[in-house]
Amino acid sequence: AQQLGCVDTHFTNAHGLHDPNQYTTARDVARILSAALKNEIFYTVFSTKKHTVPATNKSADRFLESNNSMLDSTSKLYYDNRVIGGRTGVTNDGRRCIATAAQNQNGMLLISVVMGSETIYQEDGYSAISVGGYQETTKLFDAGFTGNKCVQVLYENQALRQLKVEDGKNDVVIGPIASVSAILPEAANLSDLSMRYTDTVLKAPVDVGQKITDLQIWYGNMCVAQTELYSLNAVQSAQSNDDLSEQNNNTPWLILGIVIGVIAVFPVGLLLLRLYRRLGLQRKINRNRQYRRSRRRTK
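Residues numbered from 1 in each chain as written. Predicted model: local features only at pLDDT ≥ 70, side-chain atom pairs only at ≥ 80, totals over all residues. Heavy atoms only, no water.

Novice: Mind showing me how you'd approach the nonpolar core here?
Specialist: Generally speaking, soluble globular proteins have nonpolar side chains that are buried together. In terms of nonpolar packing, the biggest core is built from 22 residues, with Val153, Val165, Val172 and Ile217 touching the most fellow members. When neighbours within four sequence positions are excluded, Val153 is seen to be in contact with Gln158, Val180, Ser181, Ala182, Leu190, Leu193 and Ile217. Core analysis: the next-biggest nonpolar cluster, separate from the first, contains 13 residues, Ile98, Ala102, Tyr134 and Phe145 among them. (Core = buried A, V, L, I, M, F, W, Y, C linked by side-chain atoms within 4.5 Å. Buried < 20%, exposed > 50% of the residue type's maximum accessible area, 1.4 Å probe, protein only. Contact = heavy atoms within 4.5 Å.)

Novice: Help me understand unusual backbone geometry in this model?
Specialist: Note: most residues except glycine have negative phi, and most peptide bonds are trans. Note that the residue after Ala204, namely Pro205, is joined by a cis bond; omega there is 5 degrees. The topology assignment puts Pro205 in the loop between β12 (193-197) and β13 (211-219). Unlike most non-glycine residues, Asn157 shows phi in positive territory, near 60 degrees. Relative to the helices and strands, Asn157 is located in the loop between β8 (148-154) and β9 (161-163). Although it is not a glycine, Asp167 sits at a positive phi angle of roughly 60 degrees. By the element assignment, Asp167 lies in the loop between β9 and β10 (172-175). (Helix = DSSP H or I, 4+ residues; strand = E, 2+ residues; numbered from the N terminus.)

Novice: Before we go on, may I ask you to explain the environment of Glu186 in this structure?
Specialist: Tracing the backbone through its elements, the reader meets Glu186 in the loop between β11 (180-185) and β12. Overall, Glu186 belongs to the exposed group, its relative accessible area being 52%. The spacing of Glu186 and Val151 is 35 residues in sequence and 9.6 Å in space, taken between C-alpha atoms. With near-sequence residues (within four places) excluded, Glu186 lies in contact with Gly147, Asn148 and Lys149.

Novice: Can you walk me through the sheet that holds strand β14 (residues 222-231) in this structure?
Specialist: Here five strands make up an open sheet; going across it, the order is β9-β10-β14-β13-β12 and the pairing antiparallel. A single partner strand is all that each edge strand has here, and the edge strands are β9 and β12. On average, adjacent strands in this sheet sit at an angle of 30 degrees to one another, irrespective of strand direction. Two strands pair when backbone bridges link them, and β10 and β14 are joined in this way by two bridges, in the antiparallel orientation. Within β14, the residue paired with Gly175 across the bridge is Tyr230. (Pairing = 2+ DSSP bridges. Axes fitted to C-alpha atoms, helices over the stretch in contact; angles between N-to-C directions.)

Novice: Honestly, the packing of aromatic side chains in this entry has me stumped. Any pointers?
Specialist: The geometry of an aromatic ring pair is captured by two quantities: the separation of the ring centres and the angle between the planes. Inspection of the entire model under this criterion finds three aromatic pairs. Sitting over the face of the ring of Tyr197, Arg161 holds its NZ or CZ atom 4.3 Å from the ring centroid. Across the ring face of Trp218, the terminal group of Arg196 is positioned such that the distance to the ring centre comes to 3.8 Å. (Phe/Tyr/Trp six-rings, centres within 6.5 Å; stacked < 30°, edge-to-face > 60°. Lys NZ or Arg CZ within 6 Å of the ring centre and 35° of its normal.)

Novice: Looking at this structure, I do not really get the pattern of salt bridges. What am I missing?
Specialist: When their charged atoms lie close together, side chains carrying opposite charge are able to pair. Counted according to the given criterion, the structure contains eight salt bridges. Put simply, Asp80 and Arg82 hold a salt bridge, and the shortest N to O gap is 2.8 Å. Assigned by exposure class, Asp80 and Arg82 land together as buried. Here Lys211 makes a salt bridge to Glu228, at a shortest N to O gap of 3.3 Å. Here Lys211 is found in strand β13, whereas its partner Glu228 is found in strand β14, with 17 residues between them in sequence. The exposure class assigned to Glu228 is partly exposed, which follows from its relative accessible area of 27%. (Salt bridge = Lys/Arg side-chain N within 4 Å of Asp/Glu carboxyl O.)

Novice: Could you clarify how one ought to interpret the sheet that holds strand β4 (residues 95-103) in this entry?
Specialist: Across a sheet, strands are paired by hydrogen bonds formed along the backbone, either parallel or antiparallel in direction. Spatially, the three strands line up as an open sheet ordered β3-β4-β5, and their pairing is antiparallel. Two strands lie at the open edges of the sheet, namely β3 (83-91) and β5 (109-117), each paired on one side alone. Adjacent strand axes in the sheet meet at a mean angle of 10 degrees, parallel and antiparallel pairs treated alike. Both β4 and β5 contribute to a ladder of seven bridges, which runs antiparallel. Counterpart to Ile98 in the pairing with β5 is Val114. Across the face of the sheet, helix α1 (residues 26-36) comes into contact with β4 and β5 while running at roughly 140 degrees to β5.

Novice: Would you mind showing me how to read the side chain of Arg82 here?
Specialist: Along the chain, the position of Arg82 falls in the loop between β2 (62-65) and β3. The class for Arg82 is buried, based on a relative accessible area of 18%. Within the local environment of Arg82, its side chain forms a polar contact with the side chain of Asp142, the two groups lying 2.8 Å apart. What Arg82 contacts, discounting residues up to four positions off in sequence, is Ala101, Ala102, Gln103, Thr138, Phe141, Asp142 and Phe145. (Polar contact = N/O pair within 3.5 Å; in protein donor to acceptor, adjacent residues only side chain to side chain.)

Structure follows, in structure tokens:
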């Protein structure tokens, strides 16, 4: 949930029963459902109205049916042929909630999230007269599909902005790694949209495909789409390149210096060796002279 940007969501269990530390928002649930619909297995289960579990050696066939009345074609009050799937839930504290996806004839997909709706019951307290979640969902879809269109506002790897990179050899170009669509009024044009970037400070190095910032696309006072932006090119550190270049430039001079040093030391070494030998020979001569003198004295 956090990876999807659900900053107002915290889960403590998987079954959904009430917990004071478990909470979410309609926007975050819409984010989660939008991401889940991209999974083929989830989409199949989510949109299945009826399913038969085959018999096993332990049980006979089991027939399962969705309890979502918006998928039930026999429901005169709530059935909606635009709905492709939905998840209902109810607790005493959260009341009735429902997250639904629907698609019209033009292929435009909308997600509706209704929370805390009221249900009106008959006098027996069991049979429902009106289920608010279904009614509110229908109103939302009617409003969303009427007078609106789905427009692709960004394309995959579209270059949107060029940013300076601190200590970088060059600038970085950023863009989305997937196309982005938005629901707009039929009279709206792409020129009516404005983009709001999240400020960020970049330091080299930057890798290709590295997340750089977030982008929101606004139509008037309404955010109609948002996405993450990534680097479309790499940026190397200018400092490290200069050091490496300087090191490479100095390498030939260093080798030349070593060679000259070896050449210079060699004759000096020979000279010292000769001097050492001469000194050794002179010492030997001196010792012989002293020996002869001492013998003369003794005689």
